[in-house]
Amino acid sequence: MQDEYQIELFKKFSENIDFRKEKNVFNHIFGKSYWQIYIYPGKENFNPAKIARSIFKRINLSEKDYLSCTSNLLECLKRAESSKQLSYFKYKSNTSGICFPISQGDRLYGFIVVCNIKKDLNADMLNLFSCYTDTVLKEIQRELELNKLYDTIRPRAIALSTIHTVHRLISSTLELDELIPRIARLSMQVLRARRCSIMLIDSKRKMLMPKANIDVKRRHIRLKKQKIGVGIEGIVATTAKSILKNYIIAVPLIDQDVIGVITVERRLDNRPFSIFDQEILTTLAEQAVVAIRNAQIYEEQEKITIGTIKSLASILDSKIPYAYPHTTSFVDLVLAVAEELELPKEELKHLHYASLLHDAGKITIPDRIFKKPTKLTGKEYGIIKKHPSISVRIIKPLEVLKPALPIIIAHHERYDGTGYPKGLRADKIPIGARIMAVVDAFEAMICKRPYRKAMSFEEAVIEIKQNSGTQFDPKVVDAFLRLVKRGVVRRLLKGCIKHESQ
Amino acid sequence: MNLSKIFLSSVQKKIILFFHKNQSSIDTARGISTWIDSDLKDVEIALKELARIGILVVHKTSSTIGYAYTQNKRIITNIENYIKANFKL
């Protein structure tokens, strides 16, 4: 039986330009001869008599010549079949023929039969024919091997490149909220599925908690918790073994133990999922686990860092009871203004740190200055003005707080350049510091001081507006006023306003 | 979506044919330029245009931009029909 390679080989042979050139060359040498290529159908089906008859039917021979020619060619074909080498035969008195076997190693693919050669064939001529045909055959076989290699390697290389790109896309974020939906979207894309969901185990509640549920039509659909051990995802979580059905694949996310399950449903083309799809999802799951664990560790680390900073801030605040500590909502309000200005996540984090510790330097200011009911002297004001630099000096050894230092040192700068300690202007002041300046001033205005009464909320808002462009960045003031309009500021500072009005 | 106009660009044509044949593929501009043997700059421009039209989907992070085939069945069917009618593959 013919195989694909054999069919392709003969197709290439008949189309090959060098083979056509060979025919022309040898037709000049042999005289006009008859060429035919035959596919070898295998030992059981090989019928050399049939081939011989078919050749000589096309050449007009007498009945007597037909029989002798056919038997000579038959013998030649049998010799070529067993030896896999060129064989020649004679018929009539002055006519020859060549039988060239097309083979590779022990495998015989077919024959080239050349008849009606009106010349005596000597050894040199036969060698020449053999070499030339062999060269053409080897070229064609090389081309087919390269095509086969290309067809084998290329799709695998493309798949590998996809896995690599997915890895890069997954590894580029440490925010769990961003990471998990991204993993779901990428999995859906690679597997051409209509839906992908990712659930992580909550070991305390013994439940699988949905973290992403992406559908190709409706981007966000209702998320449902699942008991471990119940349903496909629950069973996968218990057994740590994948489940493959026609229209669903569920694979466990394993990091020493099962931490969750990733599920894809329904291919876009409605074909059933295959083992190959399951293997791909397993590879994606392995990548996802590493990324999720990294993000979880990062999140835990962030919590520890914030906790440490808050503790430090509490300790410092407790050492300076008269230094007008900020309300508990001060940080929330600073971050709300920053989010209104759409600051990137990384900057929000540094601003968070800065807003907790910016007044650390006040620890060096004597209490009598804070308690003084009258205006401060120049010298006393000079002491106050040093606190941003002192804050920086206290915090500097903490490497994680380094990006917050420029905000801390500049939080008393004024937009018009008349602030302290460096007299920075406009955009030279870090945006975090410009935000803190507005919130700090507003909070101070609505809170009571030894030397003045608290302003009303509305009066404080007017004061902020009036100082836009001088003390405060107009962009920041606009963002702040949008939050005022939406009731965010009043809600966050409710405790302070209510307390003062009492 | 005027596919005849889109396919006038040889780079856009190559990209669409590549993704239509390898629908599960997600790759960067550099990767795609390798697969379709085209200049990286031309590929980047073509990818942006095809993403804008909706034939490709962009997966973007701070460090990587990956491009993938649309999952919109209507677009895929239109492209399938166009390819069948116009190209001997």
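Remember, it's a predicted structure, so these values are computed and weren't measured experimentally.

Undergrad: Can you help me understand unusual backbone geometry in this one?
TA: A negative phi angle is the norm for most residues apart from glycine, just as the trans form is the norm for most peptide bonds. Residues and elements named next belong to chain A. In this structure, proline 421 follows tyrosine 420 across a cis peptide bond, with omega equal to 5°. As for its placement among the helices and strands, proline 421 is situated in the loop between helix 14 (405-409) and helix 15 (431-446). Look at arginine 192: it is not a glycine, yet its phi comes out positive at around 55°. Looking at where arginine 192 falls in the secondary structure, it is placed in the loop between helix 6 (176-191) and strand 5 (193-202). Take arginine 192: its relative accessible area is 4%, and that puts it in the buried class.

Undergrad: For this particular structure, what's the right way to read empty space enclosed by the protein?
TA: Rolling a probe over the atoms, with the probe sized like a water molecule, indicates the empty space that remains. Residues and elements named next belong to chain A. Counted according to the given criterion, the structure contains one cavity of 30 Å³ or more. Each pocket or cavity is described by its volume, and for the largest cavity that value is around 40 Å³. Lining the largest cavity, in full, are Glu413, Tyr415, Ile429, Arg434, Ala437, Gln471, Phe472 and Asp473. Grouping the constituent residues of the lining of the largest cavity by class yields four nonpolar, one polar and three charged.

Undergrad: How do you make sense of the pattern of salt bridges when you look at a structure like this?
TA: Two side chains that carry opposite charge are able to pair once their charged atoms sit near each other. Residue and element names in this part refer to chain A. Taken as a whole and judged by the stated rule, the model has 27 salt bridges over all chains. As a salt-bridge pair, lysine 349 and glutamate 302 come within 3.6 Å of each other at their nearest N and O atoms. One end of the pair, lysine 349, is in helix 10 (residues 345-357); the other, glutamate 302, is in helix 8 (residues 275-319), and 47 residues separate them in sequence. Pair check on accessibility: lysine 349 and glutamate 302 agree, each one buried. In the salt-bridge network here, residues are joined through shared partners; they are Arg267, Asp269, Arg271 and Asp277.

Undergrad: Can you walk me through helix 2 (residues 10-21) of chain B in this structure?
TA: Three- or four-residue spacings in an α-helix give side chains the same orientation, since the helix completes a turn every 3.6 residues. Here helix 2 of chain B is twelve residues long and its end C-alpha atoms lie 16 Å apart, about the 16 Å a rise of 1.5 Å per residue gives. Among the residues making up helix 2 of chain B, those that are buried are Val11(B), Gln12(B), Ile15(B), Ile16(B), Phe18(B), Phe19(B) and His20(B).

Undergrad: Which parts of the structure should I look at to understand the interface of chain A and chain B?
TA: It is common to give the size of an interface as the accessible area that goes away when the parts come together. Taken together, the 22 residues of chain A in the interface contact 23 residues of chain B. The three residues of chain A that bury the most area against chain B are Ile158(A), Gln189(A) and Arg192(A), which together make up 30% of that side's buried surface. Between chain A and chain B we count zero salt bridges in total. Summed over the shared surface of chain A and chain B, the result is 16 residue pairs in polar contact (both at pLDDT 80 or more). Among the secondary structure elements, those contributing two or more residues to the side of chain A that touches chain B are helix 5 (123-171), helix 6 and strand 5 of chain A. When residues of the side of chain A that touches chain B are assigned to their parent elements, the largest contribution, nine residues, is made by helix 5 of chain A.

Undergrad: Would you mind going over the confidence of the model for chain A with me for this structure?
TA: Low pLDDT means the predicted coordinates in that region are not meant to be read closely. Residues and elements named next belong to chain A. A residue-level look at chain A finds 95% of positions with pLDDT of 70 or above and a mean pLDDT of 87. Of all secondary-structure elements in chain A, the lowest mean pLDDT belongs to helix 19 (residues 494-501), at 57, while strand 9 (residues 248-255) reaches the highest, 96. Contacts from residues 498-502, a stretch scored under 50 in pLDDT, to residues over four places away or in other chains number four contacts.

Undergrad: Looking at this structure, I do not really get the environment of Ser161(A). What am I missing?
TA: Among the structural elements, Ser161(A) can be located in helix 5. If we skip the residues at most four places from it in the chain, Ser161(A) touches Ile26(B), Asp27(B) and Trp35(B). Of note is the side chain of Ser161(A), whose polar atom sits 2.5 Å from the side chain of Asp27(B).

Undergrad: I would appreciate a short explanation of the nonpolar core in the present structure.
TA: All names here are of chain A. Membership of the largest hydrophobic core comes to 57 residues, with the highest contact counts inside it found for Val337, Ile435, Phe442, Ile464, Phe480 and Val489. With eleven residues, helix 15 is the largest single contributor of residues to this core. Residues within four places of valine 337 in sequence aside, it is in contact with Ile435, Val439, Val476, Ala479, Phe480 and Leu483.

Undergrad: It is not clear to me how the packing of aromatic side chains should be interpreted in this structure. Could you clarify?
TA: What characterises a pair of aromatic rings is the spacing of the ring centres plus the angle enclosed by the ring planes. Residue and element names in this part refer to chain A. Scanning the model with the defined rule gives 20 aromatic pairs over all chains in all. Taking 6.2 Å as the distance between ring centres and 80° as the angle between the ring planes, the aromatic pair formed by tyrosine 381 and tyrosine 420 counts as edge-to-face. Within this pair, whereas tyrosine 381 is found in helix 12 (residues 378-385), its partner tyrosine 420 is found in the loop between helix 14 and helix 15, the two being separated by 39 residues in sequence. The exposure class assigned to tyrosine 420 is buried, which follows from its relative accessible area of 9%. Note on phenylalanine 442 and phenylalanine 457: the rings are 5.4 Å apart at their centroids and 85° apart in plane angle, and the pair reads as edge-to-face. You can see phenylalanine 442 sitting in helix 15 and its partner phenylalanine 457 sitting in helix 16 (residues 457-466), a full 15 residues away along the chain. On the basis of relative accessible area, phenylalanine 442 is assigned to the buried category, the value being 0%.

So, how was this worked out
- Residues numbered from 1 in each chain as written.
- Chains lettered and ligands numbered in written order.
- Predicted model: local features only at pLDDT ≥ 70, side-chain atom pairs only at ≥ 80, totals over all residues.
- Heavy atoms only, no water.
- Helix = DSSP H or I, 4+ residues; strand = E, 2+ residues; numbered from the N terminus.
- Buried < 20%, exposed > 50% of the residue type's maximum accessible area, 1.4 Å probe, protein only.
- 1 Å grid on protein atoms, 1.4 Å probe; cavity = no way out; pocket = protein on both sides within 12 Å on 5 of 7 lines; lining within 4 Å.
- Points joined across faces, edges and corners; volume = space filled by probe spheres on them.
- Nonpolar A, V, L, I, M, F, W, Y, C, P; charged D, E, K, R; others polar.
- Salt bridge = Lys/Arg side-chain N within 4 Å of Asp/Glu carboxyl O.
- Expected span 1.5 Å × (residues − 1).
- Contact = heavy atoms within 4.5 Å.
- Buried area = accessible area lost by both parts, 1.4 Å probe.
- Polar contact = N/O pair within 3.5 Å; in protein donor to acceptor, adjacent residues only side chain to side chain.
- pLDDT = per-residue confidence, 0-100.
- Core = buried A, V, L, I, M, F, W, Y, C linked by side-chain atoms within 4.5 Å.
- Phe/Tyr/Trp six-rings, centres within 6.5 Å; stacked < 30°, edge-to-face > 60°.

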